Protein chains: 2
Amino acid sequence: MVAAAEPGKTTLAEKIDKLFQVVRRPDREPYSHEEVATACREATGESFSTTYLWQLRTGRRDNPTKRHLEALAQFFQVPPAYFFDDAQSLKIAEELALLGALRDAGVRDVALRAVTLSADGLDTISDMIDAIARREAGRGGARKGD
Amino acid sequence: MVAAAEPGKTTLAEKIDKLFQVVRRPDREPYSHEEVATACREATGESFSTTYLWQLRTGRRDNPTKRHLEALAQFFQVPPAYFFDDAQSLKIAEELALLGALRDAGVRDVALRAVTLSADGLDTISDMIDAIARREAGRGGARKGD
DNA sequence: TAGCAGCATCAACTAGAATGAATATGGGCA
DNA sequence: TGCCCATATTCATTCTAGTTGATGCTGCTA
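All of these numbers come straight from a predicted model, not from anything done at the bench. (Residues numbered from 1 in each chain as written. Chains lettered and ligands numbered in written order. Predicted model: local features only at pLDDT ≥ 70, side-chain atom pairs only at ≥ 80, totals over all residues.)

Along its length, chain A carries 7 helices and 0 strands. Along chain A, helices and strands appear, N-terminal first, in the series α-α-α-α-α-α-α. By the burial criterion, 36% of the 146 residues in chain A qualify as buried. Here the analysis covers contacts within chain A between residues at least 6 apart in sequence; of these, 49% occur between residues at least 24 apart. (Helix = DSSP H or I, 4+ residues; strand = E, 2+ residues; numbered from the N terminus. Buried ≥ 20, exposed ≤ 12 C-beta atoms within 10 Å, placed from the backbone. Contact = placed C-beta atoms within 7 Å.)

Following this line, the structure appears as structure tokens:
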């Protein structure tokens, strides 16, 4: 497996994997490597192979060039600083899930509706989400741990 | 294809050159390429040739790897983001600031949990929220709307 | 069960990032 | 003037980032 290096420090691979988990297609399915690579190619005009993206995500390669970092940042809508190991990237990592959620029409809608609920109501919804997530996880297939 | 780029956009070479102009030795003399390269080598433990640094500064090379960007950022005491085009980072920074608005822990939690749900799951949750909101509205106070 | 389709994975190769040794340039000094 | 030192520049070479094409896996359909 990919070495996690020191505790607290997340590897580039982990950061990229997190993006795949959080940033989804309009139909809520995770993007495939091929989709992302293709989108990066079209957005930047530069080349970006699916295999290489997989290598980066799984930690077999960990030293991409500026161009590739830019392409990934653009596609996933995060600042390039996210891929580096400084204070800013930590903050981004924390907000990443919510950031992704707000960009997604479906989740944004849920969040906006939730604002009007009482604390009790929110708890109920939270439990519901847990239940559904559990069911979908069992059906959907094993994703690497979060 | 390196090109001086559009007005307003500064190239990587210009950014690096600026660092040389601004960041000086204790005796106020500009650093030489060799000094910087050596310092980067010693700070990071990785290799960094003077020739390559010169190539980056003069624009002959413009696509360094993550490793080299990190080394330069460390030596010149700038965030790695400095080397990237900030047009898009700015936009995303705004979005990050917007996140502060969703301060309510409960809502935030709901949004975060909802991220991984499928489209169907989101629909279900959305309906649930509607139902609860209606009930609470009836109890608590008149909430006008749909 | 075979056959297809989409995707992850692997190994072999290519391109270009990065290096090292050699050469040019300029400035100070005998 | 000629030499020397320091740094900039060039070029050939090495090494690794990045690509290509093949292979295997999983789920679906007939």
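Moving on, there is more to tell.
Moving on: the interface of chain A and chain B. Each partner contributes residues to the interface: chain A has 48 residues there, and chain B has 46 residues. Going through the elements one at a time, α4 (66-76), α5 (87-103), α6 (105-114) and α7 (119-140) of chain A are the ones with two or more residues in the side of chain A that touches chain B. A per-element tally of the side of chain A that touches chain B places α7 of chain A first, with 12 residues. Looking at the side of chain A that touches chain B residue by residue, the classes come out as 25 nonpolar, 12 polar and 11 charged. (Nonpolar A, V, L, I, M, F, W, Y, C, P; charged D, E, K, R; others polar.)

Around DNA strand C there are 17 residues in total, and S47, S49, T51, P64 and T65 of chain B lie nearest to it. Those elements that provide at least two residues to the surface near DNA strand C are α2 (33-44) and α3 (50-57) of chain A together with α3 (50-57) of chain B. The residue inventory of the surface near DNA strand C, partitioned by class, reads 4 nonpolar, 11 polar and 2 charged. (Near = placed C-beta within 6 Å.)

Glancing now at the packing of α6 of chain A against helix α7 (residues 119-139) of chain B. Where α6 of chain A meets α7 of chain B, the closest approach of the two axes is 10 Å, and the angle between their N-to-C directions is 15 degrees. When the axis of α6 of chain A is compared with that of α7 of chain B, the two are roughly parallel. In the packing of α6 of chain A onto α7 of chain B, the handedness of the crossing is left-handed. Of α7 of chain B, the residues touching α6 of chain A (which contributes G106, V107, D109, V110, R113 and A114 of chain A) are A119, L122, I125, S126, I129, D130 and A133 of chain B. When the residues that make up the contact of α6 of chain A with α7 of chain B are grouped by side-chain class, the tally is 8 nonpolar, 2 polar and 3 charged. (Axes fitted to C-alpha atoms, helices over the stretch in contact; angles between N-to-C directions. Parallel < 35°, antiparallel > 145°, perpendicular 65-115°, else oblique. Left-handed = near helix turned anticlockwise from the far one by under 90°.)

Before going further, it helps to examine α5 of chain A. Residue and element names in this part refer to chain A. Taking 1.5 Å per residue as the helical rise, α5 with its 17 residues ought to reach 24 Å, and the 23 Å between its terminal C-alpha atoms agrees with that figure. Maximal helix bending in α5 amounts to about 50 degrees, located at E95. Restricting attention to buried positions, one finds in α5 the residues S89, L96, A97, L98, L99, G100, A101 and L102. (Expected span 1.5 Å × (residues − 1). Bend = angle between axes of the 7 residues up to and from the residue.)

What follows is about the environment of K15 of chain A. Residues and elements named next belong to chain A. Counting through the fold element by element, K15 comes out in helix α1 (residues 12-22). We classify K15 as buried; it has 22 C-beta atoms within 10 Å. With 78 residues separating them in the primary sequence, K15 and A93 have C-alpha atoms 7.9 Å apart. Filtering out sequence-adjacent residues up to four positions away, K15 remains in contact with T10, Y82 and F83.

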